[in-house]
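Report on the structure
Below, each chain spelled out in residue letters.
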Amino acid sequence: MATVNELTATARPKAGKGASRAVRREGKVPGVIYGDNKEPIAIALDHKELKLKIYAGHFLTSVLNIAVDGAKHRVIPRDFQLDPVTDNPIHVDFLRLGEGATVRVRVPIHVKNADAAPGIKRGGTVNIVTHGIMVRCPADAIPQGFDVDLTGLEINYSKHLSDIQIPSNVKVLEHGDITLVTIVPPSGYAEEMKQAAAAATAAAEAATAAAAAPAGGAAPAAGAAPAAGAAPAGGAAKK
């Protein structure tokens, strides 16, 4: 479920690039709160506090209470920008949440029981194809993640959207039964399988040929006529 956290901010009277740069020079991060049919509010947040929230994980699926000059705003982060060199936050957008609001969020997937997958034991590697699933759900009931159980999964097999449990109050917005996780083969696996198949085919062909060949040195069938010149059984031949 959604985690409600607290943040503090101050209102900033000006917006725009120049005002944002001035906020950053003060060691703060510019942001904006919008939505719920109300006027946007330009804010400035403590750099250290915001960075801790972002790098703690689940930032974009966490409901926050932001205190701005004594007034609290219930929001969910919608986007944030990081400096490409320092990875420090330089801007963040928050969506204001009204009573009973529903939100679109991308919920991450969590791989479970990889050690119980035969494909992993045989040298395969987990390949996460889809890292998050887009859903619509109540703001107070955002899942922290969807579990993908790999128990029994072999090499070259996959887990799909239909293989995981989705709460009844969550609507998936993805199209089709998308692939979530696969187990990819180790290096040389395809050649190994090709050689094994060729050996099995050769063995089957040899067995078929052996079964079809006549048995050498077999005795004449019962009741068969004696060969020419052979003496009748039980007595000498007549002169």
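See above for the structure.
This report concerns the structure included in the present document. (Residues numbered from 1 in each chain as written. Predicted model: local features only at pLDDT ≥ 70, side-chain atom pairs only at ≥ 80, totals over all residues. Heavy atoms only, no water.)

**Describing helix H1 (residues 17-25)**
When we look at burial in H1, the residues that qualify are Ala19, Ser20 and Val23. Buried residues of H1, seen end-on, are gathered within an arc of 100 degrees and therefore sit on one face of the element. Those residues of H1 that are exposed and angled more than 90 degrees off the buried face are Lys17 and Arg25. Residues of H1 that are buried make contact with strand S2 (28-35) and strand S3 (38-46). (Buried < 20%, exposed > 50% of the residue type's maximum accessible area, 1.4 Å probe, protein only. Helix = DSSP H or I, 4+ residues; strand = E, 2+ residues; numbered from the N terminus. Arc of directions from axis to C-beta. Contact = heavy atoms within 4.5 Å.)

**Topic: unusual backbone geometry**
Look at Asp36: it is not a glycine, yet its phi comes out positive at around 60 degrees. By secondary structure assignment, the location of Asp36 is in the loop between S2 and S3. If you check the backbone angles, Asn37 has positive phi at about 60 degrees while not being a glycine. Locating Asn37 in the fold gives a position in the loop between S2 and S3.

**Some remarks on a positive patch on the surface**
Among the surface-exposed residues, Lys17, Arg21, Arg24 and Arg25 lie close enough to one another that they form a single positively charged patch. Along the chain, Lys17 turns up in helix H1. Here Lys17 falls in the exposed class, since its relative accessible area comes to 71%. (Patch = residues over 30% accessible without salt bridge, like charges linked within 9 Å, V, L, I, M, F, W, Y side chains within 5 Å. Areas by Shrake-Rupley, 256 points an atom, 1.4 Å probe, with all protein chains shown as cover. Salt bridge = Lys/Arg side-chain N within 4 Å of Asp/Glu carboxyl O. Lys, Arg positive; Asp, Glu negative; His and termini not counted. Charge placed at Lys NZ, Arg CZ, Asp CG, Glu CD.)

**A word on the sheet that holds strand S12 (residues 171-172)**
Across the sheet, four strands lie side by side as S10-S7-S9-S12; this open sheet has mixed pairing. The sheet is open, and its two borders are formed by strand S10 (146-149) and S12, each paired with just one other strand. In terms of strand pairing, strand S7 (residues 102-112) meets S10 through four bridges, oriented parallel. By the bridge assignment, Val111 is partnered in S10 with Val148. (Pairing = 2+ DSSP bridges.)

**Observations regarding the packing of aromatic side chains**
Within this structure, the stated rule accounts for one aromatic pair. Measuring from ring centre to ring centre gives 5.7 Å for Phe59 and Phe80, while their planes differ by 75 degrees; the resulting arrangement is edge-to-face. Separated by 21 residues along the polypeptide, Phe59 in the loop between helix H2 (47-55) and strand S4 (63-68) and Phe80 in strand S5 (residues 71-82) bring together distant segments of the chain. (Phe/Tyr/Trp six-rings, centres within 6.5 Å; stacked < 30°, edge-to-face > 60°.)

**Regarding the sheet that holds strand S13 (residues 179-184)**
Spatially, S8-S13-S11 is the arrangement adopted by the three strands of the open sheet, whose pairing is antiparallel. Either end of the sheet is taken by a strand with one partner, and the two such strands are strand S8 (125-128) and strand S11 (158-160). On average, adjacent strands in this sheet sit at an angle of 15 degrees to one another, irrespective of strand direction. Here S8 pairs with S13 via four bridges, running antiparallel. Residue pairing in the sheet places Thr125 in a bridge with Val184 of S13. (Axes fitted to C-alpha atoms, helices over the stretch in contact; angles between N-to-C directions.)

**Brief notes about the pattern of salt bridges**
Following the criterion strictly, the structure yields six salt bridges and no others. Between Arg74 and Asp140 there is a salt bridge whose closest N-O contact spans 2.2 Å. Pair noted here: Arg74 is in strand S5 and Asp140 is in the loop between strand S9 (132-138) and S10, with a separation of 66 residues, a long-range link. Its salt-bridge partner being Glu154, residue Arg122 comes within 2.9 Å of it at the nearest N-O pair. Linking Arg122 in the loop between helix H3 (118-121) and S8 with Glu154 in the loop between S10 and S11, this pair joins segments that are 32 residues apart in sequence. Relative accessible area serves as the criterion here: at 43%, Arg122 is assigned to the partly exposed category.

**Quick look at H2**
Two to three positions downstream of the cap, the backbone nitrogen of Lys48 sits 3.3 Å from a side-chain oxygen, assigning the N-cap of H2 to Asp46. Gly57, located one to two residues past H2, shows a positive phi value of around 95 degrees. (Polar contact = N/O pair within 3.5 Å; in protein donor to acceptor, adjacent residues only side chain to side chain.)

**So, the nonpolar core**
Generally speaking, nonpolar side chains in soluble globular proteins are found buried as a group. Within the largest apolar cluster, 27 residues are counted, with the highest numbers of intra-cluster contacts made by Val105, Ile133, Val135 and Leu180. Among the secondary structure elements, those contributing two or more residues to this core are S7, S9, S10 and S13. Examining the composition of this core, we find that four residues originate from one element, S7, more than from any other. With residues near it in sequence (within four places) discarded, Ile133 still touches Val105, Arg106, Val107, Ile109, Phe146, Leu161, Ile164, Val172, Glu174 and Leu180. (Core = buried A, V, L, I, M, F, W, Y, C linked by side-chain atoms within 4.5 Å.)

**Describing the environment of Phe146**
With respect to the helices and strands, Phe146 occurs in strand S10. Placed 21 residues apart in sequence, Phe146 and Pro167 show a C-alpha to C-alpha distance of 9.8 Å. When residues no more than four places from it in sequence are discounted, the contact partners of Phe146 are Val107, Pro108, Ile109, His110, Ile133, Val135, Ile164, Gln165, Ile166, Pro167 and Val170.

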